[in-house]
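The primary structure of each chain is shown beneath.
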Amino acid sequence: MKAQIEAIRRRIEKAAADAGREPTSVRLVAVSKTVPADRVRAAIQNGITLLGENYIQEAREKIEALREFPVAWHFIGHLQSNKAKYAVRLFDLIHSVDSIKLARELDRQACKIGKIQDILIQVNTGKEASKSGVYVEEALTLVREAGQMNNIAIKGLMTLPPYFNAPDRVRPYFQALRELRDRIASGCLPGIAMDELSMGMTGDFEAAIQEGATLVRIGTALFGERA
Ligand SMILES: *Cc1c(COP(=O)(O)O)cnc(C)c1O
């Protein structure tokens, strides 16, 4: 575990340096879906501070089991509105907000517990039917509407691009997310930060970093193949 984490950290630092970026501008989200709590604990003990989970029920149990550790939990899976009330209690950042309905429900549930919930807007850059996320041309409307809600704070954008076993084929989707981010940021919408770009996974995180990723979501390279 220690060796994998160190190897990934080195690769992140190198990719950042190659792109002329500060290594600290890229944060590693260790994706722990399907990984049991004891292995996640080992990762934390080896320096992981940011965990990404995809399923509410599974995350709830793990977060409870590991609550002694001062780590942050991010939700990166598809979120149904009826699970929003759990999500706002469990997660520091929700990467996958993809509809006004979900944003409204998160806002309502966050208000109930006196929280400002940090979120990212998920963009389906490849327009794949199998994936969640708004299309690039719909993103600004969702950002504007959700940006007016009192109990959610938009921090940036996330994408899960089409799968290619070749980072250079994924790169245009990372570029599309960055360009969209720049376009939205240049609009200077009040109350909206466009600092975070959540993109890049085990197979393509170096290309994502070159294109501006600030959060890379890495599972397999840290924890091994999932069952
Ligand atoms: C599982 C998952 C990851 C991690 O993928 P790996 O290829 O195992 O690194 C990243 N992002 C999302 C949204 C995921 O569901």
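Placed above this text is the structure.
It should be emphasised that the depicted structure is a prediction, and the values quoted were computed from it without experimental measurement.

S.K.: So what's going on with the layout of surface pockets? Residues and values would help.
M.R.: It is the rolling of a water-molecule-sized probe over the atoms that shows where space remains empty. Approximately 690 Å³ is the volume attributed to the largest pocket. Along the wall of the largest pocket there are 35 residues; nearest its centre are Lys33, Asn54, Leu160, Met201 and Arg226. The set of elements that each furnish at least two residues to the lining of the largest pocket consists of helix H7 (167-186) and strand S8 (215-218). Looking at the lining of the largest pocket residue by residue, the classes come out as 17 nonpolar, 12 polar and 6 charged.

S.K.: Please set out H7 residue by residue, giving values where relevant.
M.R.: Spanning 20 residues, H7 covers 28 Å between terminal C-alpha atoms, matching the ideal 28 Å at 1.5 Å per step. Listed in full, the buried residues belonging to H7 are Val170, Arg171, Phe174, Leu177, Leu180, Arg181 and Ile184. Where H7 is buried, its residues touch strand S5 (117-123), helix H6 (136-147), strand S6 (152-159), strand S7 (196-198) and helix H8 (205-210). Two residues or fewer past H7, Cys188 is found with a positive phi of approximately 50°.

S.K.: Could you give me a rundown of the site of the ligand, with the residues and numbers involved?
M.R.: With respect to spatial proximity, the complete set of residues near the ligand consists of Val31, Lys33, Asn54, Ile76, Leu160, Met201, Thr202, Arg217, Ile218, Gly219, Thr220 and Arg226. Asn54 is positioned with one of its side-chain polar atoms (N or O) 2.8 Å from an oxygen atom of the ligand. Here an oxygen atom of the ligand sits 2.8 Å away from a polar atom, N or O, in the main chain of Gly219. In isolation the ligand offers 390 Å² of accessible surface; the protein chains occlude 90% of this area.

S.K.: Explain the pattern of salt bridges residue by residue, including any values.
M.R.: This model, assessed by the stated rule, comprises 14 salt bridges. Among the ionic pairs, Arg67 bridges to Glu64, the shortest N-O distance being 2.5 Å. By relative accessible area, Arg67 is classed as exposed at 62%. Linking Lys127 and Glu137 is a salt bridge whose minimum nitrogen-to-oxygen distance equals 2.6 Å. You can see Lys127 sitting in the loop between S5 and H6 and its partner Glu137 sitting in helix H6, a full 10 residues away along the chain. Classification of Glu137 as exposed rests on a relative accessible area of 53%. Salt bridges here are not isolated pairs; linked through shared partners, they connect Asp168, Arg171, Arg178 and Glu211.

S.K.: Describe the packing of aromatic side chains, with residues and values.
M.R.: Using the criterion set out here, one finds 2 aromatic pairs in the structure. Judged by centre distance (5.2 Å) and plane angle (65°), the rings of Phe75 and Phe91 are edge-to-face. One end of the pair, Phe75, is in strand S3 (residues 72-75); the other, Phe91, is in the loop between helix H4 (84-90) and strand S4 (93-97), with 16 residues separating them in the sequence. Residue Phe75 shares its accessibility class with Phe91, and that shared class is buried. Pairing Phe164 with Tyr173 gives two aromatic rings, centres 6.4 Å apart and planes at 25°, and the pair type is stacked.

Thresholds, definitions, all that
Residues numbered from 1 in each chain as written. Predicted model: local features only at pLDDT ≥ 70, side-chain atom pairs only at ≥ 80, totals over all residues. Heavy atoms only, no water. 1 Å grid on protein atoms, 1.4 Å probe; cavity = no way out; pocket = protein on both sides within 12 Å on 5 of 7 lines; lining within 4 Å. Points joined across faces, edges and corners; volume = space filled by probe spheres on them. Helix = DSSP H or I, 4+ residues; strand = E, 2+ residues; numbered from the N terminus. Nonpolar A, V, L, I, M, F, W, Y, C, P; charged D, E, K, R; others polar. Expected span 1.5 Å × (residues − 1). Buried < 20%, exposed > 50% of the residue type's maximum accessible area, 1.4 Å probe, protein only. Contact = heavy atoms within 4.5 Å. Near = heavy atom within 4 Å. Polar contact = N/O pair within 3.5 Å; in protein donor to acceptor, adjacent residues only side chain to side chain. Areas by Shrake-Rupley, 256 points an atom, 1.4 Å probe, with all protein chains shown as cover. Salt bridge = Lys/Arg side-chain N within 4 Å of Asp/Glu carboxyl O. Phe/Tyr/Trp six-rings, centres within 6.5 Å; stacked < 30°, edge-to-face > 60°.

Function cannot be read off these values alone, since they describe shape.
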